[in-house]
Amino acid sequence: MIRILAALIVLTFVASCGSGRGSAVTRVVGGPITSACMQAARTGATLERCGCVQAVANDSLSSSDQRRGAAFFTDPHRAQEIRQSSSRSDSEFWERWSAFSQKAAELCE
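Quick notes on the rules
Residues numbered from 1 in each chain as written. Predicted model: local features only at pLDDT ≥ 70, side-chain atom pairs only at ≥ 80, totals over all residues. Heavy atoms only, no water. Salt bridge = Lys/Arg side-chain N within 4 Å of Asp/Glu carboxyl O. Helix = DSSP H or I, 4+ residues; strand = E, 2+ residues; numbered from the N terminus. Buried < 20%, exposed > 50% of the residue type's maximum accessible area, 1.4 Å probe, protein only. Expected span 1.5 Å × (residues − 1). Arc of directions from axis to C-beta. Axes fitted to C-alpha atoms, helices over the stretch in contact; angles between N-to-C directions. Parallel < 35°, antiparallel > 145°, perpendicular 65-115°, else oblique. Contact = heavy atoms within 4.5 Å. Nonpolar A, V, L, I, M, F, W, Y, C, P; charged D, E, K, R; others polar. pLDDT = per-residue confidence, 0-100. Disulfide = S-S within 2.5 Å.

## Focus: the pattern of salt bridges
When their charged atoms lie close together, side chains carrying opposite charge are able to pair. The final tally for this structure, using the stated rule, is four salt bridges. Across the salt bridge formed by Arg-96 and Asp-65, the nearest N and O atoms sit 2.6 Å from each other. Remark: Asp-65 occurs in helix H4 (residues 63–70) and Arg-96 occurs in helix H6 (residues 88–107); sequence separation between them is 31 residues. On the accessibility criterion, Asp-65 (8% relative accessible area) is buried. Among the ionic pairs, Arg-68 bridges to Asp-90, the shortest N-O distance being 2.3 Å. Taken together, the residues Arg-68 in helix H4 and Asp-90 in helix H6 connect sequence positions 22 residues apart. Residue class for Arg-68 comes out partly exposed when judged on its relative accessible area of 28%.

Okay, here's the thing in structure tokens:
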């Protein structure tokens, strides 16, 4: 159940980036999020969308946060573990990741 929930979080994140029509962010940018997004080969994961999400990540997250979050694409359960962790650093990371995810969903429609 937890694995399914974590997978849904990641899938929602990628799928919510939309089709690129009317997108506020149209550039394609490479980085750890783009690479993880494309390698995951999920439905709706195009270079344009993944690059858009990477561009938002570049504006919102440190490079270490990007690398840490990129791991969620191959291990969605890890996202759930961090979200439920009692560690202060995990909680702070999750707040940053959640804010980034929401912004990416808005800008990459």
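Once you've had a look at it, read on.
## Here's the deal with H6
Compared with an ideal rise of 1.5 Å per residue, which puts 20 residues at 28 Å, H6 spans 29 Å between its outermost C-alpha atoms and is within 8% of the ideal. Along H6, the residues classified as buried are Asp-90, Phe-93, Trp-94, Trp-97, Phe-100, Ser-101, Ala-104 and Ala-105. The buried residues of H6 occupy an angular sector of 135 degrees when projected down its axis, which confines them to one face. Structural note: H6 exposes Arg-88, Glu-95, Gln-102 and Glu-106 on the side pointing more than 90 degrees away from its buried face.

## Digging into the packing of helix H2 (residues 32–40) against H4
Between two packed helices, both the angle of their axes relative to each other and the distance between the axes serve to describe the pair. Orientation of H2 relative to H4, taken along the N-to-C sense of each, is 10 degrees, at an axis distance of 8 Å. It follows that H2 is roughly parallel to H4 by the angle criterion. Residues Pro-32, Ile-33 and Ala-36 of H2 pack against Gln-66, Arg-67 and Ala-70 of H4. Its residues assigned to classes, the contact of H2 with H4 shows four nonpolar, one polar and one charged.

## Quick notes on the confidence of the model for the chain
Segments scoring low in pLDDT should not have their predicted coordinates read at a detailed level. Overall, the prediction assigns the chain a mean pLDDT of 81, with 74% of residues at 70 or greater. Taken as a whole, residues 14–26 scores under 50 in pLDDT and shows 30 contacts with residues more than four places along the chain or in a different chain.

## Some points on the state of the cysteines
Per the counting criterion, the structure on display carries two disulfides. The disulfide bridge from Cys-37 ends at Cys-50, spanning 1.9 Å between sulfur atoms. Sign of the S-S torsion, about -60 degrees for the bond between Cys-37 and Cys-50, identifies this disulfide as left-handed. Taken as a pair, Cys-37 in helix H2 and Cys-50 in helix H3 (residues 47–60) lie far apart in primary sequence, 13 residues in all. Of the two residues, Cys-37 and Cys-50, both sit in the buried class. The side chain of Cys-52 participates in a disulfide bridge whose partner is Cys-108; the two sulfur atoms lie 1.9 Å from each other. Its S-S torsion of approximately -95 degrees makes the covalent link between Cys-52 and Cys-108 left-handed. With Cys-52 in helix H3 and Cys-108 in the segment after H6, this residue pair connects regions lying 56 residues apart in the sequence.

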